[in-house]
Amino acid sequence: MRVLMLGWEFPPHISGGLGTACLGITQGLTEKGVDLTFILPSMKAEEAGQSETKLRSASGVPISHALKKAVEQVRHQQHHDEFTDLLMRPVNARLHPYGYDYSKSIDAAMFNEDEIAEISHFHGGYKEDLMDEVYRFSTAAAAVILEENAKKKADVIHAHDWMTYPAATIASRLSGLPFVAHLHATEFDRCGDHGWDVIYGIERDGLHAADHVIAVSERTKRIAVERYGVPEHKVSVVYNGAFLNENIPTFEIPEAIRNEKRVLFMARITFQKGPEYFVEAARLVLNEMPNTRFIMAGNGDLLPRMMKRVAELRMGSQFHFPGFMRGKEEVYRMYSMADLFVMPSVSEPFGIAPLEALQCGAPILISKQSGCAEVLPAALTVDYWDVRRMADRIMDCLNYPVMAQESLRQCQADLQLLTWDRAADGILNAYSHVCPNA
Amino acid sequence: MPSVCFYFQVHQPYRLRQYRFFDIGVDNDYEDVEKNRSTMRKVAEKCYLPMNALLLELIERHQGHFRLSFSMTGSFIDQCVEYAPEVLESFKALAKTGCVEFLDETDNHSLAAIFNEDEFRAQVGAHRTRMEELFGQKPRAFRNTELVYSNSIARMAEDMGYDVILAEGVDNVLDWRTPDFVYHPEGCGNIRLMLKNYKLSDDIAFRFSDHSWEGYPLMAETFAQWLHNVKGNGDVINLFMDYETFGEHQWADTGIFDFMRALPGKVLEDPEFDFLTVSEAADRYPARGWIDVPYYTSWADAERDLSAWISNDMQKDAFRALYECQILASQIDDPELREDWQRLQCSDHFYYMCSKSAGDGDVHKYFSPYKTPADAYVNFMNVLADFRLRLLAKAGQ
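Cut-off values and rules
Residues numbered from 1 in each chain as written. Chains lettered and ligands numbered in written order. Predicted model: local features only at pLDDT ≥ 70, side-chain atom pairs only at ≥ 80, totals over all residues. Heavy atoms only, no water. Helix = DSSP H or I, 4+ residues; strand = E, 2+ residues; numbered from the N terminus. Contact = heavy atoms within 4.5 Å. Areas by Shrake-Rupley, 256 points an atom, 1.4 Å probe, with all protein chains shown as cover. pLDDT = per-residue confidence, 0-100. Buried < 20%, exposed > 50% of the residue type's maximum accessible area, 1.4 Å probe, protein only. Polar contact = N/O pair within 3.5 Å; in protein donor to acceptor, adjacent residues only side chain to side chain. Core = buried A, V, L, I, M, F, W, Y, C linked by side-chain atoms within 4.5 Å. Pairing = 2+ DSSP bridges. Axes fitted to C-alpha atoms, helices over the stretch in contact; angles between N-to-C directions.

Asker: I'd love a proper account of the overall build of chain A, names of residues and values included.
Answerer: Secondary structure assignment for chain A yields 15 helices and 15 strands. Put simply, 71% of the contacts in chain A that link residues at least 6 apart link residues at least 24 apart. By element, 51% of the accessible surface of chain A is carried by carbon and sulfur atoms, the whole surface being about 19,500 Å².

Structure representation (structure tokens):
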């Protein structure tokens, strides 16, 4: 089984959970004997050697005139594909036909390096010109896939999130390989009902072009079906895993703060993560338990607004903003110090952070709108908008540590089943829907 | 016979280092020693040493006719002792001439006057002791931090035995009156009020090197002429400004030193004019009226109020959190904690949190060691959290 995987993040270059998930998935599949090549926009030369996974950068890949032309045709054709549900019968007329068999246009000349039309370079990540990178990546990554496929026949193209869907769509059309779209997050998760329709459009096109879709939770599957119109039978649910073998050092809590209670929020400080509900709940808790310390770690567009609100609520002496945690050591230290980790996400497709918190021994309180709640039945949950209940829950955990520890113990037991090995099984099962070899 | 009254404010804050969340409860070293040292050294070379030398030269040349006043904060003096002892020596040399008066203020440059009277009195008392020890003078005049002033502050100053208090000549307080007379503060007995002539003061402090200003380039003759113009409609012209104006805010290459070297001579060309220290002026001239300031004024920003330190929520929250520690801090007798408590009250910490935009925002930015006001707030609150833990631990013993 040979998989050509497309992704936008891969450790150590991580912005969120996506890169972490990609690492777990590649590790799980590789251990099952899958021959896997992971293609991403850019990476540093030394990284290619370090990783167990075969990594390939789409930067600097030569793109021939012929390939460019073929890609243009596919893009053009996609408009017509809007009518795929229509039964089309070609008639002998001088009108333009609706359908066109573009796979015929592939020939050896496409890979002829004498005819290089362009070479793209990417900086990766999420910068101002993300859309431009996504667009150019679709051609460059297609070139890599066609090249890899020519080297050694592949079985499936597996693409993670919308940034790579256009590339996977084009590569699938040109190579004839099946396309599996992995849905880690949707525009509705990131932005609620006020997302950017361009991204929604790319997601929708990608999910429809895909031969099969993997959603990271039932919640995400429901969004794919209800809001993107993806046929239900085309979607498999595969939960993410935890890195259970991770060696987590123990951190000693400084004596001066050993008697304090600490409540932690650690995520990108954006709409999706619900930071404002955490802030409001903190005020309610501090009214009753004034010595509790709240920590909002991370960075994001809502950070200034959260700081302002904390100041407005006059609780800056008990509410801290340590910024973005650099390196795993700091992340683990933060979790280890927490008496409770709260993830009040407005919409969380899965949520790897609570798993990490559990591994570091922090009890968790997560929103009911979180995918991982589906596999952590013992976790304490609350509706993200219900700040009074959230405050009550936080106080329960702080006042009755035995209760919090019991929940932690059960969650940790459930966590043992959430392996990347199990996730890899689920993914292989999803592949089997579209490629017979799997 | 009008007098010119120069008063220079000398101050350097103790800047905090980047104090992280993980430091709370672990590390009680708050200061950016290197930054404080290098700033002190830099300003000493650019301003304090050359300007003190120039003032000494002027005092000697004019044989007692050039006189002036200083107020310096305890945090400046402490940093002098640590990083630039020769600066302190040169101030002592100025004090010995008998032509220089030293004023009192809050030792730590705090705004305690508006938050806690006990704290305020203690800080002023500490400063008074220092002035006597350092310069052999018992100050008769008082200026509050950043010229923060109100009727009630004047009352406190009078109660503490001062004969003179300084304030900003704020337009809406003066109305039709000029700042160029000695006044009485409303609701007080005999204490005198001296108001800053902000127009003439700022011509030197802010506009001196401004190429777009119509007065540019400002010559000593011209400025002396402007001072002479006051004759007949004023007794005393109060030119109050930061001492760092000379060589630091206005660099040497703007010609500020040459300007100051020439100015006393030009002013004294009119025999009716002379220079006086603050208290001498208050002694010589009668108070011409009562000035009522029921709210706080200051010399900062366009608003001339407290908004530079306490207008946005971050500043209000930080002040709240700080003065919540006051009762505990005042009871604890631990030299390190007491020192930290004094230094945390320094108004500069709150000045850095100011989020005004436009012109005043640029001034705040110029002085701030932080990238943003929010950084200043977060860092200060981390330090304060650690400080409070130490206080509580000490109190528990």
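There is more to say after this.
Asker: With reference to specific residues and values, describe the confidence of the model for chain B.
Answerer: Looking at chain B as a whole, its pLDDT mean stands at 95, while 100% of the residues score no less than 70. Note on the complex model: pTM 0.87, ipTM 0.84.

Asker: Outline the side chain of Q315 of chain B, listing residues and values.
Answerer: Residue and element names in this part refer to chain B. Turning to its location among the elements, Q315 is positioned in helix 12 (residues 313-324). Of the residues examined, Q315 reaches a relative accessible area of 0% and is grouped as buried. Within polar-contact distance, the side chain of Q315 engages the backbone oxygen of A308 at 3.0 Å. Apart from the residues lying within four places of it in its own chain, the contact partners of Q315 are S307, A308, W309, I310, F350, M353 and C354.

Asker: I'd love a proper account of the nonpolar core, names of residues and values included.
Answerer: L6, F319, F341 and I394 of chain A together with W309 and F380 of chain B are the most contacted members of the largest nonpolar core, which totals 219 residues. Counting residues per element, this core draws most heavily on helix 17 (residues 373-396) of chain B, which supplies 12 residues. Beyond its immediate sequence surroundings of up to four residues, F319 of chain A is in contact with F278, V279, A282, F294, M296 and V310 of chain A. Formed by 58 residues, the second largest nonpolar core is a distinct cluster that contains V87, A224, V230 and M241 of chain B.

Asker: Let's hear about the sheet that holds strand 14 (residues 364-367) of chain A: which residues, and what values?
Answerer: Residue and element names in this part refer to chain A. A sheet is described by the order of its strands in space; here six strands give the open sequence 12-11-10-13-14-15, paired in parallel fashion. Strand pairing shows two members of the sheet lacking a second neighbour, strand 12 (319-323) and strand 15 (380-382), which therefore form its edges. The sheet shows a mean angle of 25° between the axes of neighbouring strands, taken without regard to direction. Direction of pairing for strand 14 relative to strand 15: parallel, over a ladder of three bridges.

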